[in-house]
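# Architecture and fold: a report
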Amino acid sequence: LPHTETIGTSLDEVFHLVYEDSREPFDVLDFHRRMPKVASHVGFDGLLISRKGNTLSVEAKITSIEDGKGRVHGMVLIFRDVTQQRLAVRESKRQANRAEALLQVASQLNSQLELKTVLNTICRVTNQTLDAGGTAVVLRGNERETFRNKAASGQDPDFESFEGTALELPKD
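Sequence positions are assigned chain by chain, starting from 1 and proceeding in written order. Two thresholds apply to this predicted model, a pLDDT of at least 70 for residue-level local features and 80 or more for giving and counting side-chain atom pairs, whereas whole-chain, interface and lining totals are computed over all residues. Excluding hydrogens and water, the side-chain values take into account all heavy atoms of the structure.

## A few points about the overall build of the chain
The following threshold applies: Numbering of helices and strands starts at the N terminus; helices are DSSP runs of H or I of at least 4 residues and strands are runs of E of at least 2. Note on method: radius of gyration uses C-alpha positions; expected globular size equals 2.2 Å times residues raised to 0.38. To sort residues, take the accessible area from a 1.4 Å probe on protein chains only and compare it with the maximum for the residue type: under 20% means buried, over 50% means exposed, and anything in between is partly exposed. Should any heavy atoms of two residues lie within 4.5 Å, those residues are counted as being in contact. Only the protein chains shown count as cover for residues, with accessible areas throughout obtained via the Shrake-Rupley method and a probe of 1.4 Å.
Counting its secondary structure elements, the chain contains five helices and seven strands. Counted from the first residue to the last, the chain has its helices and strands arranged as α-α-β-α-β-β-β-α-α-β-β-β. Expected size for 172 residues packed as a compact globule is a radius of gyration near 16 Å; at 35 Å, the chain overshoots this value by more than 25%. Of all 172 residues assigned to the chain, the portion counted as buried reaches 19%. Pairs at least 24 residues apart make up 33% of the contacts formed inside the chain by residues separated by at least 6 positions. Counting only carbon and sulfur atoms, one obtains 53% of the accessible surface of the chain, whose full area is about 13,100 Å².

So this is what it looks like as structure tokens:
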């Protein structure tokens, strides 16, 4: 509203302010009246709604205008646009929730995966990364000189048939 139209108009007609969570109207004058006498200024968060219905997240501060005897003669109402900060906080929380969800999924997947599946994936990725014709994961068995092919992957389909094959080191 132009300043000429605001003279004599109630504050809630000039500034449509609501609580951010409930969207209930916020009565600035009532809030100011209930301010503790020791506090010369207080603040609150809310939404400022334009005549067109656009909302703006604001931090508001109310400061009393007092005379030398402490009598209140008015107030100063200051709004600060915090829309971008609120959006950044929401985005940060969304990213944190997303990261937490990914960690939970990874943990669940890791607990459900079989060793064979993990080792076969390692073989496939190694083949692609090193441009290898085939890769095998060979693990040492309980006997010292025995090794067992636990996973294999390669360009030749017969390469995978070596899975489970035991290999023994020659004894001196």
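Next, the rest of the story.
## Notes on the environment of Arg23
Structurally, Arg23 can be placed in the loop between strand E1 (16-18) and helix H3 (28-33). As for Arg23 and Gly46, which are separated by 23 residues in sequence, their C-alpha atoms are 8.6 Å apart. Apart from the residues lying within four places of it in its own chain, the contact partners of Arg23 are Val18, Leu47 and Thr55.

## A short note on unusual backbone geometry
Of note, Arg23 is a non-glycine position whose phi angle comes to about 65°, a positive value. A relative accessible area of 47% means that Arg23 is categorised as partly exposed.

## Observations concerning the pattern of salt bridges
Keep this limit in mind: Any Lys or Arg side-chain nitrogen found within 4 Å of a carboxyl oxygen on Asp or Glu counts as a salt bridge.
For the coordinates displayed, the defined rule picks out six salt bridges. The shortest N-O distance in the salt bridge between Arg80 and Glu59 comes to 2.5 Å. Taken together, the positions of Arg80 in strand E4 (residues 72-81) and Glu59 in strand E3 (residues 55-66) put the pair 21 residues apart, joining distant regions of the chain. Here Asp67 ties to Arg71 by a salt bridge, and the two come within 2.8 Å at their closest N and O atoms. Arg71 sits in the partly exposed class, given a relative accessible area of 47%. Within this structure, Glu20, Asp45, Arg86 and Arg90 form a network of salt bridges that share partners.

## Considering a nonpolar patch on the surface
We apply this condition: Patch building starts from residues that exceed 30% relative accessible area and form no salt bridge, then joins like charges within 9 Å and nonpolar side chains (Val, Leu, Ile, Met, Phe, Trp, Tyr) within 5 Å.
Residues Ile65, Val76 and Ile78 make up a contiguous nonpolar surface patch of about 230 Å² in total accessible area. Its place among the elements puts Val76 in strand E4.

## Here's the deal with helix H5 (residues 115-130)
Convention followed: Expected span, for any helix, means 1.5 Å times one less than how many residues it has. Of all possible arcs, the one meant is that of the directions from the helix axis to the C-beta atoms.
Taking 1.5 Å as the rise per residue, H5 with 16 residues should run 22 Å; its terminal C-alpha atoms sit 22 Å apart, in good agreement. Residues of H5 that are buried: Leu119, Asn120, Cys123 and Asn127. End-on view of H5: buried residues confined to an arc of 100°, all on one side of the axis. Residues of H5 that are exposed and angled more than 90 degrees away from the buried face: Gln128 and Thr129. Those residues of H5 hidden inside the fold are in contact with strand E5 (134-140) and strand E6 (146-154). Just downstream of H5, Asp131 is the residue with a positive phi angle, here 50°.

## Describing the pairing of E3
Basically, it comes down to this: Strand pairing is defined by DSSP finding a minimum of two bridges between the two strands.
By the bridge criterion, nine bridges tie E3 to E4 in an arrangement that is antiparallel. Bridging from a neighbouring strand, Thr63 pairs with Val76 of E4. Counted along the chain from E3 to the antiparallel partner E4, the turn is five residues long, and its residue Gly70 has a positive phi close to 85°.

## Notes on the sheet that holds E6
Heads up, the rule is: Convention adopted: a line fitted to C-alpha atoms gives each axis, helices being fitted over their contacting stretch, and angles between N-to-C directions are expressed from 0 to 180 degrees.
Taken in spatial order, the three strands of this open sheet run E5-E6-E7, and their pairing is antiparallel. Lying at the two open borders of the sheet, with one neighbouring strand each, are E5 and strand E7 (166-168). Recorded for the sheet is a direction-independent mean angle of 35° between the axes of neighbouring strands. Sheet strands in contact with H5 are E5 and E6, and its direction is about 55° off that of E6.

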